[in-house]
Amino acid sequence: MRTVPVLTGAEAARLIGDSAVITISSSSGLGCPDAVLKAIGQRYAETGAPANLTTLHPIAAGDMYGIKGIDHLCRPGQLRRVLAGSYPSGSSKLDPPLIRGLIHSDQIQALNIPSGVLFQMHRAASTGQPGVLTEVGLGTYADPRLEGAKMNAVTEDFVQLMKIDGNDYLFYPAVKVDVAIIRATAADPYGNLSYQEECSTLGALDQAYAAHNNGGIVIAQVKRLSDAQLPTQAVRIPGILVDAIVVDPDQMQTTQTLYDPALSGEIHRDLDDIEPVEFGLEKVIARRAAAELQVNAIVNLGFGISAAIPRVLLEEGHAEDVTWVIEQGAVGGFPATGFAFGCALNPQALVQSADQFTLLQGGGFDVAMLSFLEVSGAGDVNVSYLAARPHVTAGVGGFSDIVTRAPKIVYSGYFTAGRKDIQITDGKLNIVSDGTVAKFVPEIAQISFSGEMARRRRQEVLYITERCVIELTEDGLTVIEIAPGVDLEKDVLGKSGVPLLVSPDLQLMSPALFRPEPMGLILSRKPSRIAHLVRQSALNR
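What this report covers is the structure whose coordinates are included nearby. (Residues numbered from 1 in each chain as written. Predicted model: local features only at pLDDT ≥ 70, side-chain atom pairs only at ≥ 80, totals over all residues. Heavy atoms only, no water.)

### Quick notes on helix H6 (residues 281–290)
Then comes step 1: For H6, the tally of buried residues reaches nine of ten residues, placing the bulk of the element in the interior.
Then comes step 2: When we look at burial in H6, the residues that qualify are Leu281, Lys283, Val284, Ile285, Ala286, Arg287, Arg288, Ala289 and Ala290. (Buried < 20%, exposed > 50% of the residue type's maximum accessible area, 1.4 Å probe, protein only. Helix = DSSP H or I, 4+ residues; strand = E, 2+ residues; numbered from the N terminus.)

This is the structure in structure tokens:
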């Protein structure tokens, strides 16, 4: 039976030639094969090879907090082009990652492709299909009528607009892959890979297929070796796809997390030690967003203020009433925050990220709980680009895939930006001094979500802030609720950078949102998908 060689990182790096196309499986620190990437960078520093590389990253490789990832490959001349769903990101107080410097100084070509689409591009490449035809990205920065997903002036055109049966689609060409660099927990002598200590397999299988079927090579970094063949049911990637193994016993499970078995679903952890969200404006916003959920709903969760919603539900006794689906692959459980974001404690299942996007792109869930940087008068949302400090945002990631067919989207964010003094007293909001930067503006820096497309698709869209709730209607952005203590004219309409409509049935946000004790949240129940069929069957018996 075929066995797979175990190599050092340096030996694996010597397998890669100049101008190779390399796909890298990672989600920031989660699943990042950092030891192999470091070895490739060191080889280039010593020999000047491999040079002129193209790299594909469905989700960011590395982070800004200890796992360098793609920054290992950022010496001048090493990279030619990068296609990524997201890029390493972090605090505005930190220096930008090296990859950002190369992009913004026009030293490399760079594209920000929606993560789900990038996974599908690998599937297309592995089966000889020309690419991916999809609605994902229409009317956004990825649309060639706008930016075409290009991140700088030197990037060549890539995304194409096509019309089929009178309908517009975007075409993302498949990219042939020479090398796949993936990561797992263990490998046996035959190259079979298991993922028992990983929080997700991400898209490693499809990336391996893309390289293998193109006559390329697959390098797998693992934490340990198994002397015996791995149990059949434990194998997530078969050894027939793997060409070399590199062992790194110190690989991190995710950013600043060496290993937490509750994140990989190996143990069940009690949630009693989860700290409640500190009372303040963010908690008010997260509470109001949580009120949009229903018992038994399937819910996608994004970064930012919306990430606090699971902790609000926990405090209110509803932690198990919704099922979370996270783009990295976790189904169910309790979404982690901070450096472990993208993972979940006690997940019910860990599916491939590539497969999770099949659910998300197809609208097979109920609500997307997301955040916003800024909103245009047309209801467009920017989550992907902050002009002053681009590395604060990771890029579009899976956002475009998620919002394309989401039945309902709830955006969370502050109404204004900048230094402000907004106090909460006796169930009311008191705006002593407001932020000077409007977040509802005539033009946004980048269109990550198209309000026009949402109206065409009849999606339900809400923008929840600390002082009001706004709905995207056929007529435009409409204020449907305001906070107690807020003056509609002065604090909302007067502080918006765009005209806002006001609902004739304007409501007051619940004063319970603005009190420190639990608000007594009551969720309605989502109708069963088969209840009427069961009733009809009973009647027919």
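### Considering the packing of aromatic side chains
Then comes step 1: This structure, assessed with the given rule, holds nine aromatic pairs.
Then comes step 2: Judged by centre distance (6.2 Å) and plane angle (35°), the ring pair of Phe399 and Tyr411 falls under tilted. Of the two residues, Phe399 sits in helix H9 (residues 399–404) while Tyr411 sits in strand S26 (residues 408–412), which places them twelve residues apart along the sequence.
Then comes step 3: A relative accessible area of 7% places Phe399 in the buried class.
Then comes step 4: When its relative accessible area of 0% is taken as the criterion, Tyr411 is described as buried. (Phe/Tyr/Trp six-rings, centres within 6.5 Å; stacked < 30°, edge-to-face > 60°.)

### Points about the pairing of strand S33 (residues 468–473)
Then comes step 1: Counting buried positions along S33 yields five of six residues, so the element is predominantly enclosed.
Then comes step 2: Of the pairings in the sheet, the one linking strand S32 (residues 460–464) to S33 comprises three bridges and is antiparallel in character. In the strand pairing of S33, Tyr463 is matched with Ile470.
Then comes step 3: Where S32 hands over to S33, the hairpin turn is made up of three residues, counted between the paired strands.
Then comes step 4: Where S33 and strand S34 (residues 476–482) come together, six bridges link them in antiparallel fashion. Residue Val469 lies in a different strand from S34, and its bridge partner there is Glu481. (Pairing = 2+ DSSP bridges.)

### Notes on the nonpolar core
Then comes step 1: Counting 126 residues, the largest nonpolar core has Leu193, Tyr411 and Tyr463 as its most contacted members.
Then comes step 2: Per-element tally for this core: the top contributor is H6, with six residues.
Then comes step 3: Excluding its chain neighbours within four sequence positions, the residues that come into contact with Tyr463 are Val375, Gly379, Val381, Tyr411, Phe440, Phe449, Cys468, Val469, Ile470, Leu472 and Leu477.
Then comes step 4: Core analysis: the second largest hydrophobic core is formed by 30 residues, Ala12, Ala13, Ile16 and Ala20 among them. (Core = buried A, V, L, I, M, F, W, Y, C linked by side-chain atoms within 4.5 Å. Contact = heavy atoms within 4.5 Å.)

### Some remarks on a nonpolar patch on the surface
Then comes step 1: On the surface, Val6, Leu225 and Val247 cluster together into a nonpolar patch covering about 220 Å² of accessible area.
Then comes step 2: Counting through the fold element by element, Leu225 comes out in strand S13 (residues 224–225). (Patch = residues over 30% accessible without salt bridge, like charges linked within 9 Å, V, L, I, M, F, W, Y side chains within 5 Å. Areas by Shrake-Rupley, 256 points an atom, 1.4 Å probe, with all protein chains shown as cover. Salt bridge = Lys/Arg side-chain N within 4 Å of Asp/Glu carboxyl O.)

### Description of the side chain of His72
Then comes step 1: Looking at where His72 falls in the secondary structure, it is placed in the loop between strand S3 (53–57) and strand S4 (79–84).
Then comes step 2: Side-chain polar atoms of His72 contact the side chain of Asp34, separated by 3.3 Å.
Then comes step 3: Dropping the residues within four chain positions of it, His72 is found in contact with Asp34, Leu37, Lys38, Gly41 and Gln78. (Polar contact = N/O pair within 3.5 Å; in protein donor to acceptor, adjacent residues only side chain to side chain.)

### With respect to helix H2 (residues 34–47)
Then comes step 1: Between the first and last C-alpha of H2 there are 20 Å, a value that for 14 residues agrees with the 20 Å anticipated at 1.5 Å per step.
Then comes step 2: Those residues of H2 that fall on the buried side of the exposure criterion are Asp34, Val36, Leu37, Ala39, Ile40, Gly41, Arg43 and Tyr44.
Then comes step 3: At its buried positions, H2 is contacted by helix H1 (9–13), strand S2 (21–24), strand S9 (179–183), strand S12 (217–222) and strand S15 (244–247). (Expected span 1.5 Å × (residues − 1).)

### Things to note about the pattern of salt bridges
Then comes step 1: Summed over all chains, the structure comprises 24 salt bridges.
Then comes step 2: Salt-bridge contacts for Arg145 lead to Asp143; the nearest nitrogen and oxygen are separated by 2.7 Å.
Then comes step 3: Measuring nitrogen to oxygen at the nearest pair gives 2.8 Å for the salt bridge that ties Glu292 to Arg288.
Then comes step 4: A residue is classified by how much of its surface remains accessible, and Glu292, at 16% relative accessible area, is buried.
Then comes step 5: Salt bridges sharing common partners tie together Arg288, Glu292, Lys408, Glu460 and Glu481.

### Looking at a negative patch on the surface
Then comes step 1: Together, Asp270, Asp272, Asp273 and Glu275 make up a region of like negative charge exposed at the surface.
Then comes step 2: Relative to the elements of secondary structure, Asp272 occurs in the loop between S15 and H6.
Then comes step 3: Judged by its relative accessible area of 71%, Asp272 falls in the exposed class. (Lys, Arg positive; Asp, Glu negative; His and termini not counted. Charge placed at Lys NZ, Arg CZ, Asp CG, Glu CD.)

### Here we look at the environment of Asp505
Then comes step 1: Mapped onto the secondary structure, Asp505 falls in strand S35 (residues 501–508).
Then comes step 2: On a C-alpha basis, the gap between Asp505 and Phe339 in space is 42 Å, while along the polypeptide they are 166 residues apart.
Then comes step 3: Within the local environment of Asp505, its side chain forms a polar contact with the side chain of Gln507, the two groups lying 2.9 Å apart.

### What about unusual backbone geometry?
Then comes step 1: A cis amide bond links Ala49 to the next residue, Pro50, at an omega of 0°.
Then comes step 2: Residues other than glycine seldom take positive phi values, yet Asn52 does so here, at roughly 60°.
Then comes step 3: By the secondary structure assignment, Asn52 is in the loop between H2 and S3.
Then comes step 4: A relative accessible area of 33% means that Asn52 is categorised as partly exposed.
Then comes step 5: Despite not being glycine, Asn296 has its phi angle at roughly 80°, a positive value.

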